[in-house]
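An overview of the molecular structure
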Amino acid sequence: MGRERPVIERTAVALEPRIRAQAYGLGFDLVGITNLGPVDTVAAFDDWLAHGYAGEMQYMSRWAAERRDSRLPFPGATSAIVVGMNYGGAEPPGPVARYARGDDYHDIMRDRLRELHRWIEEQAGHTVHGRPYVDTGPVLERDLARRAGLGWFGKNTTLINPALGSFFFIGSLFVEMDLTPDAPFEADRCGTCTRCLDACPTQALPEPHVLDATRCISYLTIELRGDIPAELREPMGELVYGCDICQEVCPWNVRFATELSEGSPFAPREVIAGKDARTVARDLLAISQDEFTAAFRRSPMKRAKPRGLKRNAAVVLGNIGMPEDVDILTHALGATDLLVREHAACALERIVPTEALKALRGH
Ligand code: SF4
Ligand code: SF4
């Protein structure tokens, strides 16, 4: 037996615009409403998985039925309020992708969506079953956001909003309520532009709208647990964690991306704020477990764990390191983790002449 569907009292002002106003008041920058049902991009998603473009992200192929039909992740829900939250695309580029420089967006957005949920229940005067999702369930959120009118899929695969660009997080609140949906975003405003495809340093966009995650620097520096493929280390350049290049070059971001507002939780934390790539890489390579725990509490960067960050840092020093970095890389040759040792050795080979390296190793 399903739960009895609640009836929402309608006041003179419809609930939908009041939900939108409340969501903006909670600090979201974009809000749209959609109904739930079969997902529009299922075929493209299946293709993407079949090509192996998801790499080691095996979780993407789990809960396949739920990803195909958005009514399934939270049975009973028929509508979703989809929100976007700006994370400062106009902030300067750096070795850490903008989304990861501050506090973890999952926690922040989920808390605010819960607050929105409580407010809806207050308005209704009774329980409204619902659940927030912020990358936390088998939901293709980008699909949902397009359906809720928030933007179109760029050729770089991000969702682009015509007034904000693409530097925003997406979250949603599934509710057991029949809300009037917004119109889906039908237009594709990329036109003939191919800037993102041309700019990708690892050719991770083999064709428009398709991301080969196994070549993408965001995947390599965050999701991949093992070795970074040798041929992709040099193209990583100065990027220690994540990559914003295909968004930075997008004309919609050049024109519409904004800076962070005062006091934003996404402002860079001390461990990386204002530091260049070489300094960040050196600091990470030397960081202890305790220092890591303190510096990256509630940060998205803790996902890569110290070994992943040290691996990335070694690659970056291999790309931009100087003779002064030999000491720190040599010290990393003694790390307990083979992954770190191997990437440090490879970096040394790139910045130290072969003869000197042999002397360093004692043979
Ligand atoms: S995030 Fe970077 S590596 Fe990945 S597709 Fe975009 S430009 Fe390429
Ligand atoms: S860079 Fe051009 S092609 Fe790529 S997403 Fe932006 S508008 Fe579309």
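Summary of the structure given here. (Residues numbered from 1 in each chain as written. Chains lettered and ligands numbered in written order. Predicted model: local features only at pLDDT ≥ 70, side-chain atom pairs only at ≥ 80, totals over all residues. Heavy atoms only, no water.)

What follows deals with the packing of helix α1 (residues 15-25) against helix α4 (residues 105-124). How two helices sit against one another is set out by the angle between their axes and by the gap between those axes. Interhelical geometry of α1 versus α4 gives an angle of 145° and a closest axis separation of 11 Å. Crossing geometry of α1 relative to α4 is assigned as right-handed. Along the contact surface, α1 presents Leu 15, Arg 18, Ile 19, Gln 22 and Ala 23, while α4 presents Leu 116, Trp 119, Ile 120 and Gln 123. (Axes fitted to C-alpha atoms, helices over the stretch in contact; angles between N-to-C directions. Helix = DSSP H or I, 4+ residues; strand = E, 2+ residues; numbered from the N terminus. Left-handed = near helix turned anticlockwise from the far one by under 90°. Contact = heavy atoms within 4.5 Å.)

What follows deals with the packing of aromatic side chains. For any pair of aromatic rings, the description rests on two quantities: the centre-to-centre distance and the angle between the ring planes. All chains considered together, the criterion is met by twelve aromatic pairs. Between Phe 292 and Phe 296, the ring centres sit 5.3 Å apart and the planes meet at 45°, which makes this aromatic pair tilted. For the pair shown, Phe 292 and Phe 296 are each scored as buried. Put simply, the rings of Tyr 87, Tyr 99, Tyr 105, Phe 167, Phe 169 and Phe 266 pair up and form one aromatic cluster. (Phe/Tyr/Trp six-rings, centres within 6.5 Å; stacked < 30°, edge-to-face > 60°. Buried < 20%, exposed > 50% of the residue type's maximum accessible area, 1.4 Å probe, protein only.)

On to the site of ligand 2, then. As a matter of local geometry, ligand 2 sits amid Gly 154, Lys 155, Asn 156, Ile 160, Cys 190, Cys 193, Arg 195, Cys 196, Cys 250, Pro 251 and Trp 252. At the level of elements, α6 (195-199) and α10 (251-256) are the ones that each hand at least two residues to the shell around ligand 2. Considered class by class, the residues forming the shell around ligand 2 number seven nonpolar, two polar and two charged. (Near = heavy atom within 4 Å. Nonpolar A, V, L, I, M, F, W, Y, C, P; charged D, E, K, R; others polar.)

For the structure shown, the criterion picks out 17 salt bridges. For Asp 111, the salt bridge is made with Arg 114, and the minimal N-O distance between the two is 3.6 Å. In this pair, Asp 111 and Arg 114 are both assigned in helix α4, three residues apart and thus about one turn of the helix distant. Judged by its relative accessible area of 44%, Asp 111 falls in the partly exposed class. What makes Arg 114 partly exposed here is its relative accessible area of 39%. If you follow the salt bridges from partner to partner, you end up with Asp 40, Arg 146, Arg 147 and Glu 186 in one network. (Salt bridge = Lys/Arg side-chain N within 4 Å of Asp/Glu carboxyl O.)

This paragraph deals with the sheet that holds strand β2 (residues 79-86). Here four strands make up an open sheet; going across it, the order is β1-β2-β6-β3 and the pairing antiparallel. In this open sheet, the two strands that pair with only one neighbour each are β1 (30-35) and β3 (130-133). Taken over all neighbouring pairs, the strand axes of this sheet differ in orientation by 20° on average, direction set aside. Lying on the sheet, α1 is in contact with β1 and β2; it crosses β1 at an angle near 140°. (Pairing = 2+ DSSP bridges.)

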